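Report on the structure
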Amino acid sequence: MRFVLLSGLAMIAATAACAQDRGAALFEQHCAVCHQQKGEGIPGFAPRLAGNLAERAKKETGRAYLAQLVVSGMMGPIVSGGEKFNDAMPPFAALSDEEIVAVVGHVLGDLNGVPAEQRITPQDVAAARKRALPPNEVRRLREQ
Ligand code: HEC
């Protein structure tokens, strides 16, 4: 019994670790070109992601915004970390729900120290696909 329990826990831990590695690999592949490897961003072009997003992730509306942003992209003026940006983030609707959950999980978990229960879920991604906002309207969700 104890063995079954322990191996069960080890499997859960391994699955979580694997999802994080996957998220990091997806980030490297799709996001780092603009936001840089450690999410430090490019001043005047792509906002810093490290250390800037924990407050948003605490709110359901904040998680809805993050899911929508990756599904739809975003364009238009924003202020992030006290700095102004006005450029375009491309949409990543071609990634699967699981891939979007993993890559945003990496951004929130590894780059912002957000606990697992405050990261986005496949349901958040499905809702974002259904909402299908154009990129210039994604900022509306950001303001909520
Ligand atoms: C071609 C460059 C580019 C790529 C690739 C890119 N982004 Fe972005 N990202 C941007 C820009 C530019 C903005 C700001 C858009 C604006 O000014 O409206 C942004 C905004 C963001 C924000 C919002 C930050 C905030 O403070 O609200 C997050 C989160 C984000 N990106 C995550 C990602 C993730 C995750 C990926 C990979 C799946 C990714 N980005 C890929 C350019 C990029």
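For the structure itself, consult the block above.
Procedures and definitions
Residues numbered from 1 in each chain as written. Predicted model: local features only at pLDDT ≥ 70, side-chain atom pairs only at ≥ 80, totals over all residues. Heavy atoms only, no water. 1 Å grid on protein atoms, 1.4 Å probe; cavity = no way out; pocket = protein on both sides within 12 Å on 5 of 7 lines; lining within 4 Å. Points joined across faces, edges and corners; volume = space filled by probe spheres on them. Helix = DSSP H or I, 4+ residues; strand = E, 2+ residues; numbered from the N terminus. Nonpolar A, V, L, I, M, F, W, Y, C, P; charged D, E, K, R; others polar. Near = heavy atom within 4 Å. Polar contact = N/O pair within 3.5 Å; in protein donor to acceptor, adjacent residues only side chain to side chain. Sits in = over half its atoms within 2 Å of the grid points. Donors = N, O, S within 2.8 Å, 3.2 Å for Na, K, Ca; no water. Tetrahedral: all angles 85-135°; square planar, octahedral: opposite > 155°, others 65-115°. Axes fitted to C-alpha atoms, helices over the stretch in contact; angles between N-to-C directions. Parallel < 35°, antiparallel > 145°, perpendicular 65-115°, else oblique. Left-handed = near helix turned anticlockwise from the far one by under 90°. Contact = heavy atoms within 4.5 Å.

**Things to note about the layout of surface pockets**
The computed volume of the largest pocket comes to approximately 570 Å³. Contributions of two or more residues to the lining of the largest pocket are made by helix 1 (2-30), helix 2 (32-35), helix 4 (60-72), strand 1 (74-80), strand 2 (83-89) and helix 5 (97-112). Taken together, the residues of the lining of the largest pocket sort by class into 26 nonpolar, 5 polar and 4 charged. In this structure, the second largest pocket spans a volume of roughly 300 Å³. Lining the second largest pocket are 17 residues, and of these Ala19, Val101, Ala102, Gly105 and Arg119 lie nearest its centre. Listing elements by their share of the lining of the second largest pocket, those giving two or more residues are helix 1 and helix 5. Looking at side-chain class alone, the lining of the second largest pocket contains 7 nonpolar, 4 polar and 6 charged residues.

**As for the site of the ligand**
Taken together, 25 residues lie around the ligand, and Cys31, Cys34, His35, Tyr65 and Met89 are the ones closest in. Gly76 places a main-chain nitrogen or oxygen 2.6 Å from an oxygen atom of the ligand. According to the grid-proximity analysis, the pocket containing the ligand is the largest pocket. Within the residue set of the shell around the ligand, elements represented by two or more residues are helix 2, helix 4, strand 1 and strand 2. For the shell around the ligand, the per-class residue count stands at 18 nonpolar, 5 polar and 2 charged.

**Re the coordination of the iron atom of the ligand**
Donor atoms from the polypeptide that coordinate the iron atom of the ligand comprise His35 (NE2) and Met89 (SD), at 2.0 Å from the metal. One can describe the site at the iron atom of the ligand as octahedral: its 6 donor atoms subtend angles covering 88 to 179° at the metal. One end of the pair, His35, is in helix 2; the other, Met89, is in strand 2, and 54 residues separate them in sequence.

**Observations concerning the packing of helix 4 against helix 6 (residues 122-131)**
The contact between helix 4 and helix 6 brings their axes to 8 Å, and the two run at 60°. Relative to helix 6, helix 4 is oriented oblique. At the point where helix 4 passes helix 6, the crossing takes the right-handed sense. Contacts between helix 4 and helix 6 involve Arg63, Ala64, Ala67, Gln68 and Val71 on the former and, on the latter, Asp124, Val125, Ala128, Arg129 and Arg131. The residue makeup of the contact of helix 4 with helix 6, split by class, is 5 nonpolar, 1 polar and 4 charged.

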